[in-house]
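# Structure assessment
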Amino acid sequence: QVQLVESGGGLVQPGGSLRLSCAASGNIFSIASMGWYRQAPGNQRELVARITSSGSTTYADSVKGRFTISRNNARNTVYLQMNSLKREDSAVYYCKLVNFNGDYWGQGTQVTVSS
């Protein structure tokens, strides 16, 4: 099994920044990709950003230019730097790891953008 521990969520004012971290442990094996998804009340879960083992990145159109995903491969940790946050970014953010054995999800961390 793989365990994902997320940190960095919280309350931030519009225009502010947060940095989310997700550390993977356990039987990780070879990581194909790690990413961040989010789900707001009444909405389905959506991809925010993803980074592959080769370093290729994918972003949702709504966050391009504001969010940056990165990895520390030695620590099996993925980060999401979120800048210029908007109220519509408020959601539960979930970390996801994909390897050859399956998909693994973190518990989620709440991000609330409000004044």
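The notes below deal with the structure included here. Since the model is a prediction, treat every value here as computed from it, not as a measurement.

### Considering the sheet that holds strand β8 (residues 77-82)
By definition, the strands of a sheet pair up through backbone hydrogen bonds, in either a parallel or an antiparallel sense. Taken in spatial order, the four strands of this open sheet run β1-β3-β8-β7, and their pairing is antiparallel. Only two strands of the sheet have a single partner each, and these edge strands are β1 (2-7) and β7 (67-72). The average angle at which neighbouring strand axes cross in this sheet is 15 degrees, direction not considered. Bridge count for β1 against strand β3 (residues 18-26) is six bridges, and the pairing is antiparallel.

### Quick notes on the nonpolar core
Counting 30 residues, the largest nonpolar core has L4, M34, W36, L80, M82, Y93 and L97 as its most contacted members. In this structure, Y93 is in contact with E6, L20, W36, Y37, R38, V48, F67, L80, M82, G108, T109 and V111, ignoring residues within four places of it in sequence.

### Some points on the environment of W36
Locating W36 in the fold gives a position in strand β4 (residues 31-39). Spatially, the C-alpha atom of W36 lies 6.4 Å from that of L47, the residues being eleven residues apart in sequence.

What counts and what doesn't
Residues numbered from 1 in each chain as written. Predicted model: local features only at pLDDT ≥ 70, side-chain atom pairs only at ≥ 80, totals over all residues. Heavy atoms only, no water. Pairing = 2+ DSSP bridges. Helix = DSSP H or I, 4+ residues; strand = E, 2+ residues; numbered from the N terminus. Axes fitted to C-alpha atoms, helices over the stretch in contact; angles between N-to-C directions. Core = buried A, V, L, I, M, F, W, Y, C linked by side-chain atoms within 4.5 Å. Buried < 20%, exposed > 50% of the residue type's maximum accessible area, 1.4 Å probe, protein only. Contact = heavy atoms within 4.5 Å.

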